[in-house]
Amino acid sequence: KGRGLSVALDAGGERLAIGAIGHSSGAVRTGAVYLFTVSMSSKWGDSVTYTAKIADGLGVSLNERDSFGTSVALDNDGSMLAVGATGDDTGGSGRGAVYLFAVGGNIWGYQVTEKLKIAHDSGVSISDNDRLSFATCIEGNTQPKISVVG
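Described in the following lines is the structure provided in the data block. (Residues numbered from 1 in each chain as written. Predicted model: local features only at pLDDT ≥ 70, side-chain atom pairs only at ≥ 80, totals over all residues. Heavy atoms only, no water.)

### Brief notes about the overall build of the protein
Link 1 in the chain: In terms of regular secondary structure, the protein is built from zero helices and eleven strands.
Link 2 in the chain: Ordered by position from N to C terminus, the α and β elements of the protein give β-β-β-β-β-β-β-β-β-β-β.
Link 3 in the chain: Each of the 150 residues in the protein was classed as buried or not, and the buried ones make up 43%.
Link 4 in the chain: For the protein, contacts bridging at least 24 residues in sequence account for 45% of all contacts bridging at least 6.
Link 5 in the chain: Surface accessibility of the protein: about 7,500 Å² in total, with carbon and sulfur atoms responsible for 51%. (Helix = DSSP H or I, 4+ residues; strand = E, 2+ residues; numbered from the N terminus. Buried < 20%, exposed > 50% of the residue type's maximum accessible area, 1.4 Å probe, protein only. Contact = heavy atoms within 4.5 Å. Areas by Shrake-Rupley, 256 points an atom, 1.4 Å probe, with all protein chains shown as cover.)

In structure tokens, the structure reads:
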């Protein structure tokens, strides 16, 4: 199903994001991102706990073959998540897009809010089949910089 194509861990090793471009939510290969909390050497032992899923209808609106989750990046403290969708067709065929989310919460569940979508119609000129977002990176926390590779 395309799970694990992209993986990101915050600097503290506490939040983990895994992209699954093969996930289908009603339409084929819309994609998804799974969020986990990582607890190392707690009194219960090391553990990874599933805490949230971002997919079509669950925090984001996606279309067939968007391949949401092609790339994922977390900022240093895990409060910001960038997700690439190389198959996004905004403004043309296969142009790609990057979604930016605010992530809050704890081991019992994350609250994920879409903040921004960078695509052809957002002031960026992207051509057909550019497939923007094969790689994403977030640097910093207070004034983060986002890097995207098409």
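### Some details on the pairing of strand β6 (residues 68-74)
Link 1 in the chain: The buried fraction of β6 amounts to seven of the seven residues, a majority that puts the element mostly inside the structure.
Link 2 in the chain: Pairing of β6 with strand β7 (residues 80-85), which is carried by five bridges, proceeds in the antiparallel orientation. Of the residues in β7, the one forming a bridge with Leu-74 is Leu-81. (Pairing = 2+ DSSP bridges.)

### Concerning the nonpolar core
Link 1 in the chain: In terms of nonpolar packing, the biggest core is built from 20 residues, with Val-33, Leu-35, Phe-68, Leu-81, Tyr-99 and Phe-101 touching the most fellow members.
Link 2 in the chain: It is strand β8 (residues 97-106) that contributes the most residues to this core, four residues altogether.
Link 3 in the chain: Leave out the neighbours within four places in its chain, and Val-33 touches Ala-17, Ile-18, Gly-19, Ala-52, Lys-53, Ile-54, Phe-68, Gly-69, Val-72, Leu-81 and Val-83. (Core = buried A, V, L, I, M, F, W, Y, C linked by side-chain atoms within 4.5 Å.)

### Focus on the pattern of salt bridges
Link 1 in the chain: On inspection of all chains with the given rule, the structure shows two salt bridges.
Link 2 in the chain: Here Lys-117 makes a salt bridge to Asp-88, at a shortest N to O gap of 3.1 Å. With Lys-117 in strand β9 (residues 109-118) and Asp-88 in the loop between β7 and β8, the pair connects residues that are 29 residues apart, well separated along the chain.
Link 3 in the chain: As a salt-bridge pair, Asp-128 and Arg-95 come within 2.8 Å of each other at their nearest N and O atoms. Linking Asp-128 in the loop between β9 and β10 (135-139) with Arg-95 in the loop between β7 and β8, this pair joins segments that are 33 residues apart in sequence.
Link 4 in the chain: Residue Arg-95 is classed as buried on the basis of its relative accessible area, which comes to 11%. (Salt bridge = Lys/Arg side-chain N within 4 Å of Asp/Glu carboxyl O.)

### Regarding the side chain of Asp-66
Link 1 in the chain: Among the structural elements, Asp-66 can be located in the loop between β5 (59-60) and β6.
Link 2 in the chain: Here Asp-66 sits buried without a salt bridge, and the closest side chain of opposite charge, Lys-117, lies 6.1 Å off (N-O distance).
Link 3 in the chain: A polar contact is formed between the side chain of Asp-66 and the backbone nitrogen of Asn-63, at a distance of 2.8 Å.
Link 4 in the chain: If sequence neighbours within four positions are ignored, Asp-66 has contacts with Arg-29, Thr-30, Ala-85, Thr-86, Gly-87, Asp-88 and Asp-89. (Lys, Arg positive; Asp, Glu negative; His and termini not counted. Polar contact = N/O pair within 3.5 Å; in protein donor to acceptor, adjacent residues only side chain to side chain.)

### Some details on unusual backbone geometry
Glycine aside, a negative phi is what most residues show, and trans is what most peptide bonds show.
Link 1 in the chain: Despite not being glycine, Arg-65 shows a phi value in the positive range, around 65°.
Link 2 in the chain: If you trace the backbone, Arg-65 turns up in the loop between β5 and β6.
Link 3 in the chain: A relative accessible area of 47% means that Arg-65 is categorised as partly exposed.
Link 4 in the chain: Within the chain, Ser-67 stands out as a residue other than glycine whose phi angle is a positive 55°.
Link 5 in the chain: In this fold, Ser-67 is placed in the loop between β5 and β6.
Link 6 in the chain: Judged by its relative accessible area of 7%, Ser-67 is buried.

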